[in-house]
Amino acid sequence: MTAVDEVSALTQSIGEHAVQAIGRKHLSALSVVVNPIDMTARIAVSLRDSNAKEQARAFEKFFDVQDLFFDDVSMTLVLGVDGNDLPSAVPVGSQQFSFA
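What counts as what
Residues numbered from 1 in each chain as written. Predicted model: local features only at pLDDT ≥ 70, side-chain atom pairs only at ≥ 80, totals over all residues. Heavy atoms only, no water. Helix = DSSP H or I, 4+ residues; strand = E, 2+ residues; numbered from the N terminus. Buried < 20%, exposed > 50% of the residue type's maximum accessible area, 1.4 Å probe, protein only. Contact = heavy atoms within 4.5 Å. Areas by Shrake-Rupley, 256 points an atom, 1.4 Å probe, with all protein chains shown as cover. Polar contact = N/O pair within 3.5 Å; in protein donor to acceptor, adjacent residues only side chain to side chain. Pairing = 2+ DSSP bridges. Right-handed = clockwise from strand over helix to strand, strands pointing away. Core = buried A, V, L, I, M, F, W, Y, C linked by side-chain atoms within 4.5 Å.

Q: Just checking my understanding: could you explain the overall build of the protein chain for this structure?
A: Per the secondary structure count, the protein chain includes 2 helices and 4 strands. If you list the helices and strands of the protein chain from N to C, you get α-β-β-α-β-β. Sorting the 100 residues of the protein chain into buried and exposed places 38% on the buried side. Taking the contacts inside the protein chain whose residues are at least 6 apart along the sequence as the reference set, 65% of them involve residues at least 24 apart. For the protein chain, the exposed area adds up to about 5800 Å²; of that, 52% sits on carbon and sulfur atoms.

If you want it as structure tokens, here you go:
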């Protein structure tokens with residue numbers, strides 16, 4: 001498996017775990033971008049209900065996902081109100097996973 005394939009598989013796995021952990025019914029959108037150069041990942045989440053309780057729950061679930069991939073990548077969580085306000089810039093060479 002090449003390095004690009006490994007990063008692509010890692011990106012897909014992080015995205016699938018994040019969707020499962022947070023729950024499809026709670027998500028409006030979710031994207032994962034992994035930068036293969038510095039092995040950082042940005043998980044951008046848009047919740048259907050963005051109240052404080054749901055945001056706290058999303059952070060708790062994010063930490064569960066972060067623990068799974070602790071040795072592989074450094075992660076950052078970005079919360080948005082709806083899918084339109086999620087960051088869209090993807091660094092060149094990065095791998096991306098999206099759920100909407």
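Moving on from the model shown.
Q: Before we go on, may I ask you to explain unusual backbone geometry in this structure?
A: A negative phi angle is the norm for most residues apart from glycine, just as the trans form is the norm for most peptide bonds. Located in the positive-phi region is Met39, a residue other than glycine, with phi close to 50 degrees. Position of Met39 among the secondary structure elements: in the loop between strand E1 (27-35) and strand E2 (40-47). Overall, Met39 belongs to the partly exposed group, its relative accessible area being 26%.

Q: Sorry if this is basic, but what is going on with the side chain of Asn35 here?
A: Note that Asn35 resides in strand E1. We classify Asn35 as buried; its relative accessible area is 16%. A polar atom in the side chain of Asn35 sits 2.8 Å from the backbone nitrogen of Ile37.

Q: Please explain the side chain of Ser31 as it appears in this structure.
A: Tracing the chain through its elements places Ser31 in strand E1. For Ser31, a relative accessible area of 8% translates into the label buried. The contacts of Ser31, once residues within four sequence positions are left out, are Arg42, Ile43, Ala44, Gln96, Phe97 and Ser98.

Q: What should I look at first to understand the pairing of strand E3 (residues 74-80) in this one?
A: When a strand is regular, its side chains alternate between the sheet's two faces. Strand direction decides the pairing type here: E2 and E3, joined by 7 bridges, are parallel. Its bridge partner being in E3, Arg42 is matched across the sheet by Thr76. With helix H2 (residues 52-68) bridging E2 and the parallel E3, this β-α-β connection has right-handed handedness.

Q: For this particular structure, what's the right way to read the nonpolar core?
A: Grouped burial of nonpolar side chains is what soluble globular proteins tend to show. In this structure, Ile14, Leu27, Leu30, Ile43, Val45, Val73 and Met75 are the most contacted members of the largest nonpolar core, which totals 23 residues. Elements represented by at least two residues in this core include exactly helix H1 (3-22), E1, E2, H2, E3 and strand E4 (95-99). A total of 6 residues in this core trace back to one element, the largest contributor, which is H1. Apart from the residues within four sequence positions on either side, Ile14 is in contact with Val32, Val34, Ala41, Ile43, Val65, Phe69, Val73 and Met75.

Q: What is the right way to read the environment of Lys25 from this model?
A: Looking at the secondary structure, you find Lys25 in the loop between H1 and E1. Taking the C-alpha atoms as reference, Lys25 lies 7.8 Å from Arg48; in sequence the two are 23 residues apart.

Read these as geometric descriptors, not functional statements.
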